[in-house]
Amino acid sequence: MSRVPSSSSSSPLPSSSMASIIKAYSLPFILFSAAMFYQLFIIPNAFPPSHYDVLQIERYSSIDKVKEAYVNLQTKWNSDAEAFDVHEFLKIRYAYELLTNPLWKRDYDLFGIDEQLHIIESANKRYAGKNISELDFPLLHAPSSESIDHSDKVITASDFKSILPDAKPWLIQLYSLGSNRCAEFSKSWNKIGSLLDSFANTGMVELGEKEVSIYFADKRSTGKPFFRNGIPSLFAIPAGCHTAKCFRRFDGELTIDKVTNWFATTVLALPQINYYTKESLVPSFFGKSSHHKVKVILFSKSGERASPFIRQVAKDYWAYASFALILWREEESSYWLDAFEVESAPAIVFLKGPGVKPVVHHGPVNNSLFLSMMENNKEQELPQLRSVTSMELGCDPRGYSRTGYDTIIWYCAIAVGRPSVELNGMRETICRVQETLSKQREIDASPENQPLAPVVDAFKRKRLTFAWLDGEKQKDYCQFYLGEGASEGTCGQRKGMNDIPRLLVIRYLRNSSAVDARTQELSKFKSLLVQDIIDDSDQAGQFVAGYKGAADVSEITQWLANIIKDGDSRDLPFFTLRTPKLVPDDTEPIWSKTAQQIPLKNILQQILGVVGGLSVYLDDPRIGPFLLLAALISLGTVWLRRSQQVNLSESKQPTQPSSTEPPSHDERKPKPNERVRRRSGKNAPPSMTDSEPPNAYQMPLSDSESD
């Protein structure tokens, strides 16, 4: 009896849903849409009708043919002027005036320069609703021959080879004698040249020098030269540059400030000086700049960036000073007067330490004057004892004093503490002590009769030096002189709110007979440890005295006088063990700390320049066909892949049995070898084959076994 199989016994072919089809063919659709959009919109806008097309003549026709075409069109509108559109007439008139001017025609034919195109739009608005007879001509106005200053070097093709390479960088302007923009930029260019006079050479290239102009110009995908931002176009050639790969193009706004800043930053590698407000000056400038540096604050009325010569001085003196700019506002004048004694701008302020009267200069400065001012004010009134200043200050146990190697005894007074308000107060007091000693030295010609004679004489002969030490950074050095007990609150990291600055005096004794005798006595020992101590010991004997009185100028001055008097007359004890070395100063690149930072906008400008260079290829007519080809390849690939998946799914479906009867119980029961295969899930070993040998037979079972 035949049975009809149920519908559940067979599975239908898999069918793709509409969502999966859309997802699969989304990429070809996107590529095809991009190709159509590019061909229909981008390409027509990238290649608009030329002025030759407006005059209905061939491209690059001569001026005579342009005039002839204009006369032919003129006869048409004279016969039927009312039917002639004013808008179309303005286009014809504009093309005629442009192409009959030799300079404008040259620039347009070679580089596509058309900087007066906006006149058509403004003329359409001005002459809307009027007749052709009511129009005013000419539409275009050429600059006068004297509008562009040729005081700079005009570079020709023969000169160009001689400037590559050069010891100084070059800033080159590409200009046209027929360009109104170049005429307007002429005064700014002269100012830029004067600012860069001592740092770079400046030159000009007229577009009539075709070989040089085409060499500097951008190239379209078709090979036609052009200037991305029109003219004037500025290029920088760094010092030692040999090829066009190292040329740098200015793509920003043509202002004195922006051009000068671009050249000083990207070509000359000069540091940027940042602007601060009265609210940000203390936390962002004073709080983050190095403590040992003089603070130089420049007040400006215009808000322009610092000139290149100021930035060069900032680069040369970065180890001595930090620089800041302040925009002068009249409503804040009283604040700056009270803070730094600044009455007006421009002005320059030198802050040489806490409690020291600022040095203020009102009025503009030139390069030589500013350099002289920096040299005279590069040091703080109370210098900081650092690894690079220890020998210069004479506070060095290696045997060097400010007066030379002939001096036997000299002194160094050091204010020690963590950077804090308390240490600033101590530094201010020491500055007043120095001022007192300077006045005593100038007033009294015979200091031997005065109680302060020893200290005045030592200060006069440079046997006494004043300095301050950062106890937080120079922890080991600080603890060596103060000891473990007295260094709490003065040396090392700040653990509490108590900051205790201290004043100490170190008496240095050059290798005298006493020091030599002690060295000879220690050298008698054969111990290697003792020999190492002798070798590492200081060349000058040291005696340390700490001040424990009040922070009073007169008391400190008298105490110093007593110390020096005893140190010069008595045989005081001393030590010659190795003094801990001062921690080396951190390397401080001018572009990474405080006010010496290159702003992020310069990096963004370079990125935008790269993106602008890639945008040149957007009008390449080959892009549309490439997108269409990519769409077709993608479409074929997706269709082929989906067809293979459908065929593979159909081949994997089980074939239907020819008999409609269901299998018997014995047929449904799996054979032993099938059970083994299912359990193992692996291929059977060679001794256990699934296929039966051709000569095998089934042995009948006996009755006894069947029972």
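Residues numbered from 1 in each chain as written. Predicted model: local features only at pLDDT ≥ 70, side-chain atom pairs only at ≥ 80, totals over all residues. Heavy atoms only, no water.

Draft legend 1. The arrangement of the pairing of strand E6 (residues 233-237) in detail. Most of E6 sits out of view: five of its five residues are buried. Where burial is concerned, the two faces of E6 agree: the one with Ser233, Phe235 and Ile237 and the one with Leu234 and Ala236 are both buried. As judged from the five bridges shared by strand E2 (residues 170-175) and E6, these two strands associate in the antiparallel manner. Bridge pairing links Leu174 to Ser233 in E6. Of the pairings in the sheet, the one linking E6 to strand E7 (residues 248-249) comprises two bridges and is antiparallel in character. Residue pairing in the sheet places Ala236 in a bridge with Arg248 of E7. (Buried < 20%, exposed > 50% of the residue type's maximum accessible area, 1.4 Å probe, protein only. Helix = DSSP H or I, 4+ residues; strand = E, 2+ residues; numbered from the N terminus. Pairing = 2+ DSSP bridges.)

Draft legend 2. Inspection of helix H22 (residues 553-569) at higher detail. For H22, spanning 17 residues, the distance from its first C-alpha to its last is 24 Å, which sits close to the expected 24 Å at 1.5 Å a residue. Residues of H22 that are buried include every one of Ile556, Thr557, Trp559, Leu560, Ala561, Ile563, Ile564 and Gly567, and no others. (Expected span 1.5 Å × (residues − 1).)

Draft legend 3. Here's a closer look at the sheet that holds strand E13 (residues 409-417). Pairing within the open sheet is mixed, and its four strands lie in the order E14-E13-E15-E16. Edge strands, defined here as strands with exactly one partner in the open sheet, are strand E14 (464-470) and strand E16 (540-547). Taken over all neighbouring pairs, the strand axes of this sheet differ in orientation by 25 degrees on average, direction set aside. As paired strands, E13 and E14 are joined by seven bridges and run parallel to one another. Each bridged residue has a counterpart across the sheet, and for Ala413 the counterpart in E14 is Phe466. Sitting on the sheet, helix H19 (residues 475-486) is in contact with E13, E14, strand E15 (502-510) and E16, with an inclination near 125 degrees to E15. (Axes fitted to C-alpha atoms, helices over the stretch in contact; angles between N-to-C directions. Contact = heavy atoms within 4.5 Å.)

Draft legend 4. Inspection of the state of the cysteines at higher detail. Applying the stated criterion to the full structure yields three disulfides. Linked covalently through their sulfurs, Cys241 and Cys246 form a disulfide whose S-S length is 1.7 Å. A torsion of 85 degrees about the S-S bond marks the disulfide between Cys241 and Cys246 as right-handed. The partly exposed category is assigned to Cys246, whose relative accessible area is 27%. The partner cysteine of Cys478 in its disulfide is Cys491, sulfur to sulfur 1.7 Å. Disulfide Cys478 to Cys491: torsion about the S-S bond roughly -60 degrees, handedness left-handed. (Disulfide = S-S within 2.5 Å.)

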